[in-house]
Amino acid sequence: MTGGDLHLHSVRSDGEWTPARLVREAKRAGLSTVALTDHDTIAGLEEAQATGEELCVRVIVGVEISTWRGVDLHLLAYGFDPTSADLREVLRRCRDGRRTRAERMVAVLARLGAPITMGSVERHAGEGAIGRPHVAKALVEAGHVSTIRKAFLEFLGEDRPAYVEKVRLDPGETIARVQAAGGVAVAAHPGIYGEPESFDPLVEAGLDGVEILHPLHGRKTRAAFDAYAIANGLARTGGSDFHGPRGTTPPIGRIAIEEAWIEDLRERIGRRREQARTIHE
Ligand code: AMP
Ligand code: ZN
Ligand code: FE
Ligand code: FE
């Protein structure tokens, strides 16, 4: 087995599949390594690890954190200590913010003549971190729109009337806290935010890596960020950002990073864990 997919979403955030199913599909696709990167939660980690052990698929600890510095910026964190009280607190703040935000969206939707209940949104979110896809499902269920896509087009897209900003952390602060917990911080799908040079301030703040392989990155974007990563000594990662078979991403296995990138990332995590231990002792 060879190659890794380090960007996967499960039912613990807004994905369709369980963590176990994702690991099984990765195994079937011939991948050696995966990381579950649910939004703002590591609730799926134990299940992914248990399935990984059973099937001999390496599972790297991961999470995708929404941050904000004038622009939306998703950070992927890898290899941190999942028992870190500080990082758990950071993720809890994000999830609490998601709930408050969903309540505000529900209130706006009522004013717009598309009433849904918070209970219905919560049911769609299950035990996962609440997001717009769950509000979209509630809108479909209530009969206000016929598809999730239309829910985004009419109500929930960033320039639509029921869009509400998420509570988002400062990226520099997030990088520092991920690193203090023994993890490495990687810019998710950087190509959708801008040119590689626009990441200079984050590299200055200690950013450890950039995601190179991602379904939203074309050949030119991959090449530009690859050169940027090499020039700045950054780790290179990648993944499918798979949310489920009904999403727009390719099936698991189509996007796979090479073993050398995985090894480099694991070495960086090992060094960071060592540092975090020394500092805490
Ligand atoms: P949130 O993190 O709550 O803002 O929700 C973001 C998620 O909504 C993304 O990860 C996608 O899964 C989903 N999403 C965003 N835009 C669209 C869209 N136009 N159609 C369907 N799903 C979308
Ligand atoms: Zn998502
Ligand atoms: Fe993202
Ligand atoms: Fe993602």
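Here is what the cut-offs are and how they apply
Residues numbered from 1 in each chain as written. Chains lettered and ligands numbered in written order. Predicted model: local features only at pLDDT ≥ 70, side-chain atom pairs only at ≥ 80, totals over all residues. Heavy atoms only, no water. Donors = N, O, S within 2.8 Å, 3.2 Å for Na, K, Ca; no water. Helix = DSSP H or I, 4+ residues; strand = E, 2+ residues; numbered from the N terminus. Buried < 20%, exposed > 50% of the residue type's maximum accessible area, 1.4 Å probe, protein only. Patch = residues over 30% accessible without salt bridge, like charges linked within 9 Å, V, L, I, M, F, W, Y side chains within 5 Å. Areas by Shrake-Rupley, 256 points an atom, 1.4 Å probe, with all protein chains shown as cover. Salt bridge = Lys/Arg side-chain N within 4 Å of Asp/Glu carboxyl O. Lys, Arg positive; Asp, Glu negative; His and termini not counted. Charge placed at Lys NZ, Arg CZ, Asp CG, Glu CD. Near = heavy atom within 4 Å. Polar contact = N/O pair within 3.5 Å; in protein donor to acceptor, adjacent residues only side chain to side chain. Nonpolar A, V, L, I, M, F, W, Y, C, P; charged D, E, K, R; others polar. Expected span 1.5 Å × (residues − 1). Contact = heavy atoms within 4.5 Å. Pairing = 2+ DSSP bridges. Right-handed = clockwise from strand over helix to strand, strands pointing away.

Chemist: Mind laying out the coordination of the iron ion (ligand 3), listing which residues take part and the relevant values?
Modeler: Ligation of the iron ion (ligand 3) by protein atoms is provided by Glu 64 (OE), His 74 (ND1) and His 189 (NE2), these donors lying 2.0 to 2.2 Å from the ion. Along the chain, the residues donating to the iron ion (ligand 3) are arranged with the sequence spacing E-x9-H-x114-H. In this structure, the iron ion (ligand 3) lies 3.4 Å away from the iron ion (ligand 4), the two metals sharing Glu 64 as a donor. Linking Glu 64 in strand β4 (residues 62–68) with His 189 in the loop between β6 (184–187) and α8 (200–204), this pair joins segments that are 125 residues apart in sequence. When sorted by exposure, Glu 64 lands in the same class as His 189, which is buried.

Chemist: Go over a negative patch on the surface with me, naming the residues and quoting the values.
Modeler: Taken together, the side chains of Glu 195, Glu 197, Asp 200 and Glu 204 present a region of like negative charge at the surface. Locating Glu 197 in the fold gives a position in the loop between β6 and α8.

Chemist: Outline the coordination of the zinc ion (ligand 2), listing residues and values.
Modeler: On the protein side, the zinc ion (ligand 2) has Asp 14 (OD), Asp 14 (OD), His 39 (NE2) and His 243 (NE2) as donor atoms, found 2.0 to 2.5 Å from it. The metal-metal distance between the zinc ion (ligand 2) and the iron ion (ligand 4) comes to 4.8 Å. One end of the pair, Asp 14, is in the loop between β1 (4–8) and α1 (19–28); the other, His 39, is in the loop between β2 (33–36) and α2 (45–55), with 25 residues separating them in the sequence. Given a relative accessible area of 8%, His 39 falls into the buried group.

Chemist: Tell me about the site of ligand 1, and name the residues and values.
Modeler: Looking at ligand 1, the residues that line it are Asp 14, His 39, Arg 98, Arg 101, Gly 131, Arg 132, Pro 133, Phe 152, Lys 166 and His 243. Here an oxygen atom of ligand 1 sits 3.2 Å away from a polar atom, N or O, in the side chain of Arg 98. At 2.8 Å, a side-chain N or O of Arg 101 approaches an oxygen atom of ligand 1. In isolation ligand 1 offers 500 Å² of accessible surface; the protein chains occlude 67% of this area. For the shell around ligand 1, the residue count by class is 2 nonpolar, 3 polar and 5 charged.

Chemist: Describe helix α3 (residues 85–111), and please don't skip the residues or the numbers.
Modeler: Note: α-helices contain 3.6 residues per turn, so residues at a spacing of three or four share the same orientation. Relative to the 39 Å expected for 27 residues at 1.5 Å per residue, α3 spans 40 Å between its end C-alpha atoms, a close match to the ideal helical length. When α3 is considered as a whole, its buried residues turn out to be Leu 87, Val 90, Leu 91, Cys 94, Gly 97, Arg 98, Arg 101, Ala 102, Met 105, Val 106, Val 108 and Leu 109. Against the buried residues of α3 lie β4, α4 (118–125), α5 (132–141), α6 (148–156) and α7 (171–180). The first or second residue beyond α3 is Gly 113, which carries a positive phi of 85°.

Chemist: Can you explain the pairing of β2? Please cite residues and give values.
Modeler: Of the two faces of β2, the one lined by Thr 33 and Ala 35 and the one lined by Val 34 and Leu 36 are each fully buried. Direction of pairing for β1 relative to β2: parallel, over a ladder of 3 bridges. Bridged to Asp 5 within β2 is Val 34. Read as a crossover between parallel neighbours, the route from β1 over α1 to β2 is right-handed.

Chemist: Go over the pattern of salt bridges with me, naming the residues and quoting the values.
Modeler: Working definition: two side chains of opposite charge can pair if their charged atoms are close together. Applying the stated rule across the entire model yields 18 salt bridges. The salt bridge partner of Asp 208 is Arg 272, with a shortest N-O separation of 2.9 Å. Here Asp 208, found in the loop between α8 and β7 (209–213), pairs with Arg 272, found in helix α10 (residues 259–280); they are 64 residues apart in sequence, far enough to count as distant. Look at Asp 208 and you get buried, because its relative accessible area is 8%. Where salt bridges share partners, they join Asp 86, Arg 93, Glu 173 and Arg 177 into one cluster.

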